[in-house]
Amino acid sequence: MNLVVHNLTRRFHAGEREVTALDGIELTIEGGEFVAIVGRSGSGKTTLLNAIGGLDTDYQGSVTLGGPDAPALHTLSERELAATRQRHLGYVFQQFNLLNHLSAAENVALPSFFGGGLSAADAHQRALDLLEGVGLKHLSDARPPQLSGGQKQRVAIARALFAKPDILLCDEPTGSLDRDTGLQILEIFERLNGEQGITVILVTHEHHVAARAHRRVVLDQGRIVEDVAQTPLSPEVA
Ligand SMILES: Nc1ncnc2c1ncn2[C@@H]1O[C@H](COP(=O)(O)OP(=O)(O)OP(=O)(O)O)[C@@H](O)[C@H]1O
């Protein structure tokens, strides 16, 4: 599934001040790419990811998922937008966003409450399979407070995969983890990208994380100042 961002400009109003967070962004990402979006603090990375992910549509320009005939996200009704997000996009954030009173498996199966038509038993089984995929099946009954940061991020990744997304959007997914744990999480993204062809779009300020992507997009003051293919560094080097 292709992603096309066309002439995207996003302004925020902070009191009397107007901030142009994104300024005429043009970006096409093909299905199956592994892209790192990097840039200094305040350069617009999260704003861009939110627009790509349909979490924000209050901009000028357009974001389109799918072929040339697909409707731009900002033209969809709230319901259509939610369905598009559910069907095509998975989100992984730095803060994990897990519910502490639910087990790991219940957290992973949460999306089943918002549609998909799976029975509770099937949803639970899918959650267990996904937890196995991220090496955490043995902790399926544990609650988030009992898990380490890296384990919580694995749960969050499994949950993001629940609805079989085409695109995984990751905002500083290793930011709160130590380097080794972060690299283990990156390996999961690499596997999902390499073996399952899931598009990975990863926002990071960490150079050794960006070095593992196949393409680097650099933002500065809301503009793309560099967009290059790169040979990803191997785990040993990174
Ligand atoms: N809701 C908002 N209201 C006002 N200004 C905002 C809002 N969200 C973002 N901005 C501004 O837009 C610009 C881009 O912010 P953004 O969060 O996208 O940057 P970033 O590159 O992700 O930064 P960081 O690496 O620090 O997370 C910044 O100047 C920020 O202050």
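This is a predicted model, so every value here is computed, not measured.

Participant: Now, about the packing of aromatic side chains: what can you tell me, with residues and values included?
Facilitator: The full count for this structure, using the stated rule, is 1 aromatic pair. Taken together, a centroid distance of 6.1 Å and an interplanar angle of 10 degrees make the contact between Tyr 91 and Phe 93 stacked. With a relative accessible area of 22%, Phe 93 lands in the partly exposed category. One Lys or Arg, Arg 126, reaches over the ring of Phe 162 and ends 5.6 Å from the middle of that ring.

Participant: If you had to explain the packing of helix H5 (residues 149-161) against helix H6 (residues 179-196) to someone new, which residues and values would you point to?
Facilitator: Relative orientation of the contacting elements H5 and H6 amounts to 20 degrees, with a least axis distance of 10 Å. What the angle tells us is that H5 and H6 run roughly parallel. Helix-helix and strand crossings are classified by hand; for H5 and H6 the assignment is right-handed. From H5, Gly 150, Gln 153, Arg 154, Ile 157 and Leu 161 reach across to H6, where they touch Thr 181, Gln 184, Ile 185, Ile 188, Phe 189 and Leu 192. Broken down by class, the residue content of the contact of H5 with H6 amounts to 6 nonpolar, 4 polar and 1 charged.

Participant: Go over the sheet that holds strand S8 (residues 215-220) with me, naming the residues and quoting the values.
Facilitator: Ordered in space as S5-S6-S7-S3-S8-S9, the 6 strands form an open sheet in which the pairing is mixed. The open sheet terminates on both sides in strands that have one partner only, identified here as strand S5 (89-93) and strand S9 (223-229). Neighbour-to-neighbour, the strand axes of the sheet open up by a mean angle of 15 degrees, direction not taken into account. Summarising the sheet, S8 and S9 pair through 6 bridges and their orientation is antiparallel. Following the sheet pairing, Arg 215 is matched in S9 by Ala 229. Packing against the sheet, helix H2 (residues 78-88) makes contact with S5 and strand S6 (167-171), and its axis sits at approximately 75 degrees to S5. Against the sheet, H5 contacts S5 and S6, and its axis sits at roughly 165 degrees relative to S5.

What counts, and where the lines are drawn
- Residues numbered from 1 in each chain as written.
- Predicted model: local features only at pLDDT ≥ 70, side-chain atom pairs only at ≥ 80, totals over all residues.
- Heavy atoms only, no water.
- Phe/Tyr/Trp six-rings, centres within 6.5 Å; stacked < 30°, edge-to-face > 60°.
- Buried < 20%, exposed > 50% of the residue type's maximum accessible area, 1.4 Å probe, protein only.
- Lys NZ or Arg CZ within 6 Å of the ring centre and 35° of its normal.
- Axes fitted to C-alpha atoms, helices over the stretch in contact; angles between N-to-C directions.
- Helix = DSSP H or I, 4+ residues; strand = E, 2+ residues; numbered from the N terminus.
- Parallel < 35°, antiparallel > 145°, perpendicular 65-115°, else oblique.
- Left-handed = near helix turned anticlockwise from the far one by under 90°.
- Contact = heavy atoms within 4.5 Å.
- Nonpolar A, V, L, I, M, F, W, Y, C, P; charged D, E, K, R; others polar.
- Pairing = 2+ DSSP bridges.

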